[in-house]
Amino acid sequence: MLTVFSLAGLLCSLYQFTFAAIQDAAMRYYRIEYTQLWKLNLMSLSYMIAYVPSALVASYIIDKKGLRLSVTIGCMLNFLSGWVRLAGFKKGHEYFYWISFSGQCLGALAQPFLTNAITSMASNWFGEKERTIATTIGAFTNILGGGIAFGVAPPLATIASRNGRDISEIGMVILLSSQALFASLLLLLCVSTFRERPPTPPSSSFSSSHNVKHEVRQDLLSLAKNRDFVILFIAFGLGFGSFQAFTSLINQIVVPVGYNDDDAGIMGLAIIACGLVGAGIFGISADLTKRYKTLLMICGVLSAVSFTCFCVAIMYQKTTTTYWLCIAAICSMGLTATAIVPLALEAAVEVTYPIAETLSNGLLYAAGTLCSIAILLAMSFMQPQIPDPIRPGRTLPGSMQNALWVALGCFCTAILMIPFFGGLKPKYKRYEQELIDKEGDNHVLKISLDKSFLRYHERV
């Protein structure tokens, strides 16, 4: 179940960042002017814009109709998205770009049906000692798709290219058709194998939470009064939003200072590769210790330092030294920043229990998405245009250094809020409930053993 669910989330992220990974070449492919760079940015931005309205429907379906229906809808929309995007493979006219963009919008609608269900998937299928690592896998594979896009899209799209840098029609067909076929396979697996929940509850908190009748209005009011959740809501929004905007614009950030699409692809891949290691380390640590706040602070501080180092290194034109400094900073950032997402999702469930996981999960992602839109648009607006030295009268995108400082400021603000979460000793309600249930079960077992022992002596 987790495999199918995680691969579906991976595909969402893969769709979102495919064109971001080949942005410069895609503009030449569809003959879009550099002054209209916003059109290519819409490929990523559409996922952020569509999230909030689609998330409302997704949260209702997960809560009222179940996990299986939500995942099936997500896979179906991804299936349709893949084949519509493929219809826009033709080179040389902006018209075909808009065909691909319409398919991209279908994929954008699919995302909340999967991302909002991450903690529900973990709660439905995994016990207390595996939940965080399951959430980590689900959240991380949703990010992993972006890394795969940056690593795979440039070489695939340039197959049969004359100069190895421009996109060929054959390359575009291979790139988009492979994704459409993957979406078709996932839909088939989802319909044939995915189930709502196991025959027996995986934990006592699962039974307790699902026995509570949830009123959305009352739950929202409770969340608004929950100080810890409000802090997490704001911090997650700023942190996730700035990180998402950064990864979406990585190509625009590095190309003006001498890097190329391949370099941007390597950086995107480095974030994900190191994120895989970090997610495993911090996910397992959270399952063993339940110290969500401590782990969030460690990841937050280290990722803020790494982000700062990258911003300083990218101030200078590309050299061997600055290149490896950027790679080192990106790797460190991937190691720590990607682990923040599952840790924050699980911490939100803990402090809001027994409110449905889909509600807290969905609100955090909504905050992150809205902040992503605002930060991405602000960063794009702040990018200057400089005269093209080769083609007089035309312009090229300039350095995004000032925009990077804005993203870094938002990220650091989020990290500075973490110490206020939970006070000196956070109260994790779900974990406490499970301890109480476990103690109750042990007490019942002890009484049962005592009675059995007395009956044995009576018979003797």
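Residues numbered from 1 in each chain as written. Predicted model: local features only at pLDDT ≥ 70, side-chain atom pairs only at ≥ 80, totals over all residues. Heavy atoms only, no water.

Observations concerning the packing of aromatic side chains
- Under the criterion given, the structure shown has 17 aromatic pairs.
- For the ring pair Y97 and F101, a centre distance of 6.4 Å and an interplane angle of 25° mean the geometry is stacked. Here Y97 pairs with F101, and both are found in helix α5 (residues 94-115), just 4 residues apart, close to one helical turn. With respect to burial, Y97 and F101 carry one shared label: buried.
- Taken together through their ring pairs, the aromatic side chains of Y29, Y30, Y97, W98 and F101 make up a single cluster. (Phe/Tyr/Trp six-rings, centres within 6.5 Å; stacked < 30°, edge-to-face > 60°. Helix = DSSP H or I, 4+ residues; strand = E, 2+ residues; numbered from the N terminus. Buried < 20%, exposed > 50% of the residue type's maximum accessible area, 1.4 Å probe, protein only.)

Topic: the nonpolar core
- Counting 133 residues, the largest nonpolar core has F246, I253, F310 and M379 as its most contacted members.
- It is helix α15 (residues 320-352) that contributes the most residues to this core, 16 residues altogether.
- Beyond its immediate sequence surroundings of up to four residues, F310 is in contact with F246, I250, I253, V254, M267, C326, A329, I330 and L404.
- The next biggest cluster of nonpolar side chains, apart from the first, holds 5 residues, and it includes A58, I61, L77 and A110. (Core = buried A, V, L, I, M, F, W, Y, C linked by side-chain atoms within 4.5 Å. Contact = heavy atoms within 4.5 Å.)

Topic: the state of the cysteines
- Taken as a whole, this structure holds 0 disulfides when the rule is applied.
- This cysteine, C311, is not joined by any disulfide, and C412 carries the nearest cysteine sulfur, 8.6 Å off.
- The exposure class assigned to C311 is buried, which follows from its relative accessible area of 0%. (Disulfide = S-S within 2.5 Å.)

Concerning the packing of helix α1 (residues 2-21) against helix α4 (residues 67-86)
- Between α1 and α4, the shortest axis-to-axis distance is 10 Å and the interhelical angle comes to 35°. Once α1 is placed against α4, the crossing between them reads as left-handed. Contacts between α1 and α4 involve F5, A8, L11, C12, Y15, T18 and F19 from the former and V71, C75, N78, S81, G82 and R85 from the latter.
- The class makeup of the residues in the contact of α1 with α4 is 8 nonpolar, 4 polar and 1 charged. (Axes fitted to C-alpha atoms, helices over the stretch in contact; angles between N-to-C directions. Left-handed = near helix turned anticlockwise from the far one by under 90°. Nonpolar A, V, L, I, M, F, W, Y, C, P; charged D, E, K, R; others polar.)

Regarding the pattern of salt bridges
- Scanning the entire structure with this criterion turns up 6 salt bridges.
- The partner of R28 in a salt bridge is D166, and the shortest N-O contact between them spans 2.7 Å. Placement of R28 in helix α2 (residues 23-29) and of D166 in the loop between α7 (131-157) and α8 (169-193) is noted, with a sequence separation of 138 residues between them.
- The class for R28 is partly exposed, based on a relative accessible area of 36%.
- Take D166: its relative accessible area is 26%, and that puts it in the partly exposed class. (Salt bridge = Lys/Arg side-chain N within 4 Å of Asp/Glu carboxyl O.)

Here's the deal with the UniProt feature "signal peptide" (unreviewed entry) in the protein
- Here the UniProt feature "signal peptide" (unreviewed entry) sits at residues 1-20.
- Structurally, residues 1-20 is divided into 95% helix and 0% strand, and its ends, taken at the C-alpha atoms, are 30 Å apart. (UniProt positions renumbered as here; feature names shortened; annotations may be inferred.)

Things to note about the environment of L56
- Mapped onto the fold, L56 is located in helix α3 (residues 38-64).
- Among the residues examined, L56 registers a relative accessible area of 63% and is labelled exposed.
- Between the C-alpha atom of L56 and that of D228, which follows or precedes it by 172 residues, the distance is 23 Å.

A closer look at α3
- Counted at 1.5 Å a residue, the expected span for α3 with its 27 residues is 39 Å, and the 38 Å between its end C-alpha atoms agrees.
- Considering bend angle alone, the principal kink of α3 is centred on S44 and spans about 50°.
- G66, located one to two residues past α3, shows a positive phi value of around 115°. (Expected span 1.5 Å × (residues − 1). Bend = angle between axes of the 7 residues up to and from the residue.)

A closer look at the packing of α1 against helix α11 (residues 227-248)
- In contact at an axis separation of 10 Å, α1 and α11 are set at 45° when each is read in the N-to-C sense. Considering the angle they form, α1 stands oblique to α11. Touching Q16, F17 and A20 of α1 are Q244, T247 and S248, all from α11. (Parallel < 35°, antiparallel > 145°, perpendicular 65-115°, else oblique.)

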